[in-house]
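These are the residues of each chain, in order.
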Number of protein chains: 4
Amino acid sequence: MPQAHTIELRVRYCECDPMGVAHHASFVPWLEMARTEALRASGRTYAQMEASGVYLVVTKLEVAYRRPARYDDVLRIVCEASIAGRARLRHQYRVELAQAGDGKDQRLHDQPLASATTELVCVDAAGRPCPLPTWLAEVVGATA
Amino acid sequence: MPQAHTIELRVRYCECDPMGVAHHASFVPWLEMARTEALRASGRTYAQMEASGVYLVVTKLEVAYRRPARYDDVLRIVCEASIAGRARLRHQYRVELAQAGDGKDQRLHDQPLASATTELVCVDAAGRPCPLPTWLAEVVGATA
Amino acid sequence: MPQAHTIELRVRYCECDPMGVAHHASFVPWLEMARTEALRASGRTYAQMEASGVYLVVTKLEVAYRRPARYDDVLRIVCEASIAGRARLRHQYRVELAQAGDGKDQRLHDQPLASATTELVCVDAAGRPCPLPTWLAEVVGATA
Amino acid sequence: MPQAHTIELRVRYCECDPMGVAHHASFVPWLEMARTEALRASGRTYAQMEASGVYLVVTKLEVAYRRPARYDDVLRIVCEASIAGRARLRHQYRVELAQAGDGKDQRLHDQPLASATTELVCVDAAGRPCPLPTWLAEVVGATA
C-alpha cells in the first residue's frame, strides 16, 4: 500500500466477547477511525467536511477475519484510499497486531488479523449523491 | 412501582464480555429502551417529541449491579417515571431475569440483577432547558 | 429465500449517529441476532452449542447498504443459512423496513435497506476448525 | 485529585447520536479505559490480573453529565483510585474537553463535561468476592 496511513489503537474490554476475543462488529468502528485519521493527515477533517454540508455515507463493507484480536492488544491499521467514481471513495485496510496484550509475543509473527474494504458515497445535506469535493479528489487521487 | 411499564429484551452476544456476562455498559442502552417504551405506552413517542423540537438529555445516571446477566438471557426491565422539576424527569428501573439463557432456572429465583435511576432535562433545539411539554407532565404526573 | 427465518427489531437511539440514521456498524449485531434466532427456531440454541464446546466464528462479512434505517424504525431481517463446507456456514440476509419510526410510511414501499452475507467456521474450544455438528448440518442442509 | 492518572481519547463518530453529541452510554467504556490505564501506569495490567485468576467486577456506576462531548473532540479523563474495603476499589473520574473537534475553542474554557464514580469488587474465577491482591491494595493505598 503506497502512501497508506497507519493508526494504532488498543482493544477495549467491552469490545471483546465471551470467546475472549474482539467481537467481529468491533472492527467496523476501527476501520472508520483509520479512514478518519487518514483524512486528517491529508490536511482537513471529516468534521470540517460535515460542517461544509458534505457527508460520506458507507455503501459497502467487506471484512475478512483471519486471526483473533484480544483484549489489551495494540492493533495497527493500515488504510489506503482510492477514487471509485466521481462521488465515491474506496478504502482498503489491513489490521495487524502491533503488541500482544497477553504478552504472547509469538502472535506478533502471525499474518494480519483481518483485511477489509469499504466504499463511501459523497452526499449533500439532503442525502443526494454529489461529486467529491475537489480538494478530496485531489488528495486521494495523488495517493492512489 | 405503581403504574410502572415493563419491557423484555434478550441479551445479545456482542453485549457480553470476556467474563461471559453482559458488560456493565450494555445496561445503559437497555434503560433507554425501557423509558422509550414507557413513553410510547403513554400515547406519544420520543421520535415525535424530537420532531416537535423538544429533546430529553440525560444529566444523571446511577446503576447498582447485583448479579450478572448472561448471553441469551431474557431480561425484564420495570421502569417508572416521575416529575423531578419543571424541566426534569426521573426514571427508576429494576432489571430482572425473566428467562435464563443457559437453562439454569435456579437463577430465576434470585434477586433483581440491577437497579438504576436516570434524570433527564428537557431542552429545545438550541440546547436550552425548557419546561416539559404539558402532555408529558400530565402523563407522568398521573402515574407518579 | 425458501425456508428463511425472519426477525423484527426496533432501532435504538444509541445505534444512530449524527446523520440521524443507524450507524453502519449497528447492522452487524442485527445480523448476528437474525442468525441466532434462525438457529433457535431449528430447535437448539447457540448458547447450547457453546456449552457443548463448539463455537461459530465469523470469518467473512459483506454488507451492501442501500437506504438508511432511522431511529425507532422497526426492521425486518430475513436470514437464510446454507452449508459452505464441512466446517462452514453461510448466511444471507435482507434488511427491510417493517414500520417507519418517523411515520413516513412512503418509506415502506422502498427497496430493502441492506443485504448481507456472513461466513462462519466451526471451531472447538482450542480454536481448531472442526466439522459442523451433525444436527446443525442436517438442519441447515434441509433448509438449503 | 492527588496522584491521579490522566488519559486522552478522541470521540468516535459511532459514539455520537442524532443530537450530534456523544451518547451518554459512550462515556461508560471511556471510564473503563481510564481506570485500565491508571492500573497499567502502576506497573501491572488488568489483563495480567485476569490471567492470575482475579477479576474486578463493576458493582456501582454514577455519572453526572454537565456539558456535551462532540464528535472528534479530544477528551481528557482524570481518574483517581481509592480503597473502598478489603475487596473493593472506588474510582473517581473527571471528563474534560482537551481539544474541540469542531474548532469552537471557547468550549475549552467551560466546566468539566462530566464527573463519575465507579465501585468494583474483586472476585475469583468462581465469582466469589476475594481480597484485593496485595500489590494492588498497596499501589492504590499509596495514591489515596
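Here is a short report on the structure shown in this document.

## Re the overall build of chain A
And step 1. Check the secondary structure of chain A and you find three helices and five strands.
And step 2. The secondary structure elements of chain A, listed N-terminal to C-terminal, are β-α-α-β-β-β-β-α.
And step 3. Taken against the 2.2 N^0.38 rule, which gives 15 Å for 144 residues, the C-alpha radius of gyration of chain A at 16 Å falls within 12% of a compact globule.
And step 4. Dimensions along the principal axes, computed over C-alpha positions, put chain A at roughly 45 × 30 × 25 Å.
And step 5. In chain A, which comprises 144 residues, the proportion classed as buried is 40%.
And step 6. Restricting to contacts in chain A with at least 6 residues of sequence separation, those with at least 24 account for 71%.

## Let's talk about the relation of the copies chain B and chain D
And step 1. With an RMSD of 0.0 Å, the fit of chain B onto chain D corresponds to turning through 180 degrees and sliding 0.0 Å along the axis. The relationship between the two copies is best expressed as a two-fold rotation axis. The position closest to the rotation axis in chain B is occupied by the C-alpha of Glu-62 of chain B, lying 2.2 Å away.
And step 2. A share of 100% of the interface residues of chain B reappears at the interface of chain D, consistent with the copies meeting face to face through the same patch.

## A closer look at the relation of the copies chain C and chain A
And step 1. With an RMSD of 0.0 Å, chain C superimposes on chain A once it is rotated by 180 degrees and translated 0.0 Å along the axis.
And step 2. Here 100% of the contact residues of chain C are again contact residues in chain A; the copies associate through an equivalent surface.

## Focus on the interface of chain C and chain A
And step 1. The partner chain A presents 14 residues to the 14 residues of chain C that form the contact.
And step 2. Residue assignment for the side of chain C that touches chain A shows that the elements contributing at least two residues are helix H1 (27-41) and strand E2 (54-65) of chain C.
And step 3. Taken together, the residues of the side of chain C that touches chain A break down into ten nonpolar, two polar and two charged.
And step 4. Taken together, the five bridges between strand E2 (residues 54-65) of chain A and E2 of chain C define a ladder with antiparallel strand orientation. Counted as the bridge partner of Ala-64 of chain A is Lys-60 of chain C from E2 of chain C.

## Here we look at the interface of chain B and chain D
And step 1. With 14 residues of chain B in contact, the opposing surface of chain D contributes 14 residues.
And step 2. Taken together, the elements giving at least two residues each to the side of chain B that touches chain D come down to helix H1 (27-41) and strand E2 (54-65) of chain B.
And step 3. Per-element accounting of the side of chain B that touches chain D gives the leading share, nine residues, to E2 of chain B.
And step 4. By residue class, the composition of the side of chain B that touches chain D is ten nonpolar, two polar and two charged.

## Topic: the pairing of strand E4 (residues 88-99) of chain C
Working note: regular strand, side chains alternate between the two faces of the sheet.
All names here are of chain C.
And step 1. Pairing geometry for strand E3 (residues 74-83) and E4, over ten bridges, is antiparallel. By the bridge assignment for E4, Cys-79 is matched with Tyr-93.
And step 2. In this structure, the hairpin formed by E3 and E4 is closed by a connection of four residues, where Gly-85 is found at a positive phi of approximately 135 degrees.
And step 3. Sheet topology places E4 next to strand E5 (residues 114-124); eight bridges connect them, and they run antiparallel. Bridge pairing in E5 links Gln-92 to Thr-117.

## Examining the environment of Arg-44 of chain D
Residue and element names in this part refer to chain D.
And step 1. Assignment of secondary structure puts Arg-44 in the loop between helix H1 (27-41) and helix H2 (46-51).
And step 2. Once the C-alpha coordinates of Arg-44 and Val-139 are considered, the two residues, 95 residues apart in sequence, prove to be 10 Å apart.
And step 3. In contact with Arg-44, not counting residues within four places along its chain, are Leu-39, Met-49 and Trp-135.

## A look at the sheet that holds strand E4 (residues 88-99) of chain D
And step 1. Spatially, the ten strands line up as an open sheet ordered E1(B)-E3(B)-E4(B)-E5(B)-E2(B)-E2(D)-E5(D)-E4(D)-E3(D)-E1(D), and their pairing is antiparallel. Of all strands in the sheet, those with a lone pairing partner are strand E1 (5-10) of chain B together with strand E1 (5-10) of chain D, marking the two edges. Averaged over all neighbouring strand pairs, the angle between strand axes comes to 25 degrees, with direction disregarded.
And step 2. Here H1 of chain B sits on the sheet and contacts E1, E2, strand E3 (74-83), strand E4 (88-99) and strand E5 (114-124) of chain B; the angle it forms with E1 of chain B, its principal contact strand, is near 135 degrees.
And step 3. Sheet contacts for H1 of chain D: E1, strand E2 (54-65), strand E3 (74-83), E4 and strand E5 (114-124) of chain D; angle to E1 of chain D, the most-contacted strand, approximately 135 degrees.

## As for unusual backbone geometry
And step 1. Even without being a glycine, Asp-72 of chain B presents a positive backbone phi close to 75 degrees.
And step 2. Considering the arrangement of structural elements, one finds Asp-72 of chain B in the loop between E2 and E3.

## Some thoughts on the sheet that holds strand E5 (residues 114-124) of chain A
Within a sheet, each strand pairs with its neighbour through backbone hydrogen bonds, oriented either parallel or antiparallel.
And step 1. Spatial ordering of the open sheet is given by E1(A)-E3(A)-E4(A)-E5(A)-E2(A)-E2(C)-E5(C)-E4(C)-E3(C)-E1(C), a layout of ten strands whose pairing is antiparallel. In the strand order of this sheet, the two ends are held by strand E1 (5-10) of chain A together with strand E1 (5-10) of chain C, each with one partner. Averaged over all neighbouring strand pairs, the angle between strand axes comes to 25 degrees, with direction disregarded.
And step 2. Summarising the sheet, E2 of chain A and E5 of chain A pair through eleven bridges and their orientation is antiparallel. Within E5 of chain A, the residue paired with Leu-56 of chain A across the bridge is Cys-122 of chain A.
And step 3. Along the sheet, H1 of chain C makes contact with E1, E2, E3, E4 and E5 of chain C, crossing E1 of chain C at roughly 135 degrees.

## Looking at the environment of Thr-6 of chain D
Residue and element names in this part refer to chain D.
And step 1. Its location among the elements puts Thr-6 in strand E1.
And step 2. A residue is classified by how many C-beta atoms lie within 10 Å of it, and Thr-6, with 17 of them, is partly exposed.
And step 3. Here the alpha-carbon distance between Thr-6 and Ala-38, two residues 32 residues apart in the chain, equals 7.5 Å.
And step 4. Those residues in contact with Thr-6 that lie beyond four places of it in its chain are Arg-76, Ile-77 and Val-78.

## Let's talk about helix H1 (residues 27-41) of chain A
All names here are of chain A.
And step 1. Compared with an ideal rise of 1.5 Å per residue, which puts 15 residues at 21 Å, H1 spans 21 Å between its outermost C-alpha atoms and is within 8% of the ideal.
And step 2. With eleven of 15 residues buried, H1 is to be regarded as a mostly interior element.
And step 3. Every buried residue belonging to H1 is among Phe-27, Val-28, Trp-30, Leu-31, Glu-32, Ala-34, Arg-35, Thr-36, Glu-37, Ala-38 and Leu-39, and all of these are buried.
And step 4. Remark: Gly-43 follows H1 within two positions and exhibits a positive phi of approximately 115 degrees.

Basis of the calculations
- Residues numbered from 1 in each chain as written.
- Chains lettered and ligands numbered in written order.
- Predicted model: local features only at pLDDT ≥ 70, side-chain atom pairs only at ≥ 80, totals over all residues.
- Helix = DSSP H or I, 4+ residues; strand = E, 2+ residues; numbered from the N terminus.
- Rg over C-alpha atoms; globule rule 2.2 N^0.38 Å.
- Buried ≥ 20, exposed ≤ 12 C-beta atoms within 10 Å, placed from the backbone.
- Contact = placed C-beta atoms within 7 Å.
- Least-squares fit on C-alpha atoms with pLDDT ≥ 70 in both.
- Nonpolar A, V, L, I, M, F, W, Y, C, P; charged D, E, K, R; others polar.
- Pairing = 2+ DSSP bridges.
- Axes fitted to C-alpha atoms, helices over the stretch in contact; angles between N-to-C directions.
- Expected span 1.5 Å × (residues − 1).

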